[in-house]
Amino acid sequence: MSYTMSDPFSNGFIILTMVITCFSCFLINQVNASIHEYKNEGFIHRSNSFFFHGGSEGLYASKVQGIHTENTTSNEDKPLKGKSFIRFESITFRRIKEFAEKKNEMQQKTGLVEAIIVEVKDRERIGGFYLNSDAICCTPDLAKNGACKVGEVIIHQDPYNLDWPKRIQTFFEGQNEEATMAHETIEINKTGMYYLYFMFCDPELKGILITGRTVWRNPEGYLPGKMAPLMTFSGLMSLAYLVLGLVWFLRFGQYWKHLIQLHFHITAVIGLGMCEMALWYFEYANFNSTGSRPMGITLWAVTFTAVKKTVSRLLILVVSMGYGVVRPTLGGIRAKIILLGVTYFAFTEALGLVEHLGNINDFSGKERLVLVLPVSLLDACFIVWIFSSLSQTLEKLQVTFICMRIISILAVCTLNIKKSMAKFALYRKFTNSLAVTVLLSVAWIGYELYFNAADPLNELWRRAWIIPAFWTLLAYILLVIVCILWAPSHNPNRYSFSEETGDDLEEESISLTGSSVMLVGDLTTKVERKERKVSIVAEPHVFGLGEDLEEDKRE
């Protein structure tokens, strides 16, 4: 049975994909990586201070000590090899002209903006917490004890390292509307999650805008700390897919005369996996060496990931439906499968763009939540549909197996029963594998929720890479299982589709006595009743599985 998707369906899919992709691009703030750019950004009022969050990343300690901070340019990467740092480049503060004109033109310091670098575990050293005060900026009362200076942010220095938390001051002069921060490179000699804030205390500076950029670097390159292990992981997964591909293609070529349609679908998923992992490795490598994400490679990597995820889920779904094993075509259900697949691809692509081309700070933006929910719901739809289809396929194989066993006993024929047993055993193994996969997924989702709830400030950033790596590894293991179960062989008929009723049963029934024929007839009637019962139960299913079973019987 052939089916051609109508124009309204096609146009709807295209429009949906374009809308979601454009929406995701709207959510993206910037495409740079360890180069944090500020373009006329405003400050937020909190307590008695004003602040702007300049970035946060996990940084490893420098392997080589000593960085000269005088006039460091952005192109001097060679002398900084093996060093970890935060570099300020072309940082400019612009205040409102009205307030600038009120200042004395001859006065040297008419406004102060401070850059504060703090390790997240020392965050309580910023502000008056240790002075039993909620103030962030020093007040005249707090200054009486000599603990701080009026007009500055309160910082309680680390007794073991008096230079930290780090404070860098920039002053406005006279009636100047702009103040430029000196180019400075701050070396990181201790591994940790670092936050950068620009802050001021003078209410007359309200309305200040900041422009410029900061460059964050780890000893091995510009990859943020929690992303650095993913480059190695992507390289190893590329090799794993290459090995799987070589083994599969060798067997594919060996039995090319005995292939079924399903083998070509599995080949496509393996090929997509190889390309996906290779693209991510080169994306991370380029990112690590330049400090900026390569837009083209990243876009292709995100797209290949979305396509592979979609095709993989569709492959599992059609296999669960018994495509090529107990049914020759997908029939009328094909349109619903395509609709679910295209919708999933659109949302997954959009989520990937927001995650990998968006803000590079080591914490997730709120925009991500807009797309995580629909992707999760669509994954749940796939799981429900897959297990519902598996249940019906197993029941159909079990009914056929019982029928063929009785017929083979009466007709002294074991060919069809062996074939039915092989199919039934195949799907039992596949069902068990999927069940284990789902249980692991649910357990890992629970761990991921716990991990994010217990670590809101990313203090466990060195372990964060394990979360996305697990899903990639789990998908690879499931693909290996499918390759093993449906490996090409010289006898593809052991699990490929063929009519097990009709002419075959009639030929085997010729040798039966009259009573045997009646027994077979009664058994067939019971089987048909059972199939009708299954069909009736499945009718209200949201994906229309009942309608699909009726179509199978017509075929």
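It should be emphasised that the depicted structure is a prediction, and the values quoted were computed from it without experimental measurement.

Undergrad: I would appreciate a short explanation of unusual backbone geometry in the present structure.
TA: Peptide bonds are trans in most cases, and residues, glycine excluded, mostly fall at negative phi. Omega for the bond connecting Trp164 with Pro165 falls within 30 degrees of zero, at -5°, which places this linkage in the cis form. With respect to the helices and strands, Pro165 occurs in the loop between α3 (140–143) and β6 (166–172). Even without glycine at this site, Asn40 takes up a positive phi of about 50°. Along the polypeptide, Asn40 turns up in strand β1 (residues 35–42). The backbone of Ser47 sits at a positive phi, close to 55°, despite the residue not being glycine. One can find Ser47 in the loop between β2 (44–46) and β3 (49–59).

Undergrad: Could you clarify how one ought to interpret the sheet that holds β6 in this entry?
TA: The strands making up a sheet are joined through hydrogen bonds of the backbone, oriented either antiparallel or parallel. Pairing is antiparallel across the open sheet formed by five strands, whose spatial order is β2-β3-β9-β5-β6. This sheet does not close on itself; its edge strands, each paired only once, are β2 and β6. Within the sheet, the average angular offset between the axes of one strand and its neighbour, ignoring direction, is 30°. As defined by bridge partners, β3 adjoins strand β9 (residues 192–200) across nine bridges and the pair is classed as antiparallel.

Undergrad: Any chance you could explain the state of the cysteines here in plain terms?
TA: Disulfide: a covalent bond connecting the sulfur atoms of a pair of cysteines. For the structure shown, the criterion picks out two disulfides. A sulfur-sulfur distance of 2.0 Å marks the disulfide that ties Cys137 to Cys201. Here the disulfide of Cys137 and Cys201 is left-handed, its torsion about the S-S bond being about -85°. Of this pair, Cys137 sits in the loop between β5 (111–119) and α3 while Cys201 sits in the loop between β9 and β10 (209–217), placing them 64 residues apart in sequence. Among the residues examined, Cys201 registers a relative accessible area of 12% and is labelled buried. The disulfide pattern of the protein chain is 1-4, 2-3 when the bonded cysteines are numbered in sequence order.

Undergrad: In this structure, what is going on with the pattern of salt bridges? I would like to understand it.
TA: Pairs can form between side chains of opposite charge whenever their charged atoms are close. Applying the stated criterion across every chain yields a total of 17 salt bridges. Among the salt bridges present, the one from Lys39 reaches Glu37, with a minimum N-O distance of 3.9 Å. For Lys39, a relative accessible area of 61% gives the class exposed. Counted as one network, the salt bridges with shared partners bring together Arg87, Glu89 and Arg213.

The rules behind these values
Residues numbered from 1 in each chain as written. Predicted model: local features only at pLDDT ≥ 70, side-chain atom pairs only at ≥ 80, totals over all residues. Heavy atoms only, no water. Helix = DSSP H or I, 4+ residues; strand = E, 2+ residues; numbered from the N terminus. Pairing = 2+ DSSP bridges. Axes fitted to C-alpha atoms, helices over the stretch in contact; angles between N-to-C directions. Disulfide = S-S within 2.5 Å. Buried < 20%, exposed > 50% of the residue type's maximum accessible area, 1.4 Å probe, protein only. Salt bridge = Lys/Arg side-chain N within 4 Å of Asp/Glu carboxyl O.

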